Amino acid sequence: MFKNVAGITATLWILAAQTSYGQADSQHQRHSYQSSDEDNEEEPMAEVSLDYVELRGDNGGEIEGDFSYGGEQNKFVAEVDYERSSGEIEKNELWALYSRAISANWNFLIGIRHDFNLETTSRNWVAVGITGESPYKFEMDAVFFYGEHGSTAFRLEGEYEIKLAQDWNLVPRIELNFFGQNDEARGSGSGLSEAEVGLRLMYEVTRKFSPYIGIHYEREVGNAADFAREEGEDVVSTVWVLGFRAWF
């Protein structure tokens, strides 16, 4: 599987290298550590970006956001990714990253990710990847993880903003999680383990604040689905979401 992942990563690297500097977008990008024309390397800036703060229809929710400090070329980033579904914590991650711009629209990332887990032991990952915006404004994150005892994982996220009207945007989103090994205790299986797809309708009240409604679909795949069935858990979930996006 990781031969395929390596191929995907190599393709993304080539894509990043080919993206021209002239394609920078004046709008705020999903992650605050992505390059922006508004940044000034000579004057480091601090920014908080709340990409998703939402309630979900299954007694769940999500908080995904980051704090960054630095200039256009180099930034320190602290990121939080928390998800809850059916009253249980699905994801509880804290990231600490160094981000360096490799083009106007792409950044190289390296750092650590700590997974807080209440039912099993917590774990740490070394994270290496890229984040940015491809031609046609498709935002993408691709991060490879190396953990304890040689465990490996790969996450690919993508998002696209479709402008429907002056203040209305439709935002499809996808996240795929791959693992190199089975880990029944944590419910992850080798290969593609989890897939999430979402569609959110956002209203831009101001340039820095957008409430939204939408729908979120997620599915356990392969061995991860088998582990979930053995525990009597659902492998497919479709719920409504209600939240907001903001940055300052």
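Structure: above.
This structure is a prediction, so every number in the text was calculated from the model and none was measured.

Asks: Requested: an account of the pairing of strand E13 (residues 236-247), with residues and values cited.
Replies: Where strand E1 (residues 45-56) lies against E13, six bridges are found, and the strand directions are antiparallel. Among the inter-strand pairings, Val53 is bridged to a residue of E13, identified as Phe244.

Asks: So what about the layout of surface pockets? Which residues, and what values?
Replies: Taken as a whole, the largest pocket spans an internal volume of roughly 1300 Å³. Together, 43 residues line the largest pocket, and Ile89, Glu90, Arg186, Glu220 and Glu233 are the ones closest to its centre. Those elements that place two or more of their residues in the lining of the largest pocket are strand E3 (74-85), strand E4 (88-101), strand E5 (106-115), strand E10 (168-179), strand E11 (191-203), strand E12 (209-220), helix H2 (223-230) and E13. Examining the composition of the lining of the largest pocket, we find that six residues originate from one element, E4, more than from any other.

Asks: Help me get a handle on the side chain of Arg200, residues and values and all.
Replies: Within the fold, Arg200 resides in strand E11. Here the side chain of Arg200 touches Glu54 through a polar contact of 3.0 Å, side chain to side chain.

Asks: Quick one: what's the story with the environment of Arg219, residue by residue and with numbers?
Replies: In this structure, Arg219 sits in strand E12. The exposure class of Arg219 is partly exposed, given its relative accessible area of 34%. Taking C-alpha positions, Arg219 is 8.7 Å from Asp234, a pair spaced 15 residues apart along the chain. For Arg219, the contacting residues outside a window of four places in its chain are Ser193, Glu194, Ala195, Val235 and Val236.

Asks: For a nonpolar patch on the surface, give the residues involved together with the corresponding values.
Replies: A cluster of nonpolar side chains, Tyr136, Tyr160, Ile162, Leu164, Trp168, Tyr203, Val205 and Phe209, forms an exposed patch at the surface whose accessible area comes to about 800 Å². Its location among the elements puts Val205 in the loop between E11 and E12. For Val205, a relative accessible area of 48% corresponds to the partly exposed category.

Asks: Got a sec to walk through unusual backbone geometry? Specific residues and values, please.
Replies: We note that Asn59 has phi near 60°; this positive angle belongs to a residue other than glycine. Assignment of secondary structure puts Asn59 in the loop between E1 and strand E2 (60-70). Given the relative accessible area of 57%, Asn59 is considered exposed. Phi at His149 is positive, roughly 60°, even though this residue is not glycine. Relative to the helices and strands, His149 is located in the loop between strand E7 (138-147) and strand E8 (152-160). On the basis of relative accessibility, which here comes to 85%, the residue His149 falls in the exposed class.

What counts and how
Residues numbered from 1 in each chain as written. Predicted model: local features only at pLDDT ≥ 70, side-chain atom pairs only at ≥ 80, totals over all residues. Heavy atoms only, no water. Pairing = 2+ DSSP bridges. Helix = DSSP H or I, 4+ residues; strand = E, 2+ residues; numbered from the N terminus. 1 Å grid on protein atoms, 1.4 Å probe; cavity = no way out; pocket = protein on both sides within 12 Å on 5 of 7 lines; lining within 4 Å. Points joined across faces, edges and corners; volume = space filled by probe spheres on them. Polar contact = N/O pair within 3.5 Å; in protein donor to acceptor, adjacent residues only side chain to side chain. Buried < 20%, exposed > 50% of the residue type's maximum accessible area, 1.4 Å probe, protein only. Contact = heavy atoms within 4.5 Å. Patch = residues over 30% accessible without salt bridge, like charges linked within 9 Å, V, L, I, M, F, W, Y side chains within 5 Å. Areas by Shrake-Rupley, 256 points an atom, 1.4 Å probe, with all protein chains shown as cover. Salt bridge = Lys/Arg side-chain N within 4 Å of Asp/Glu carboxyl O.

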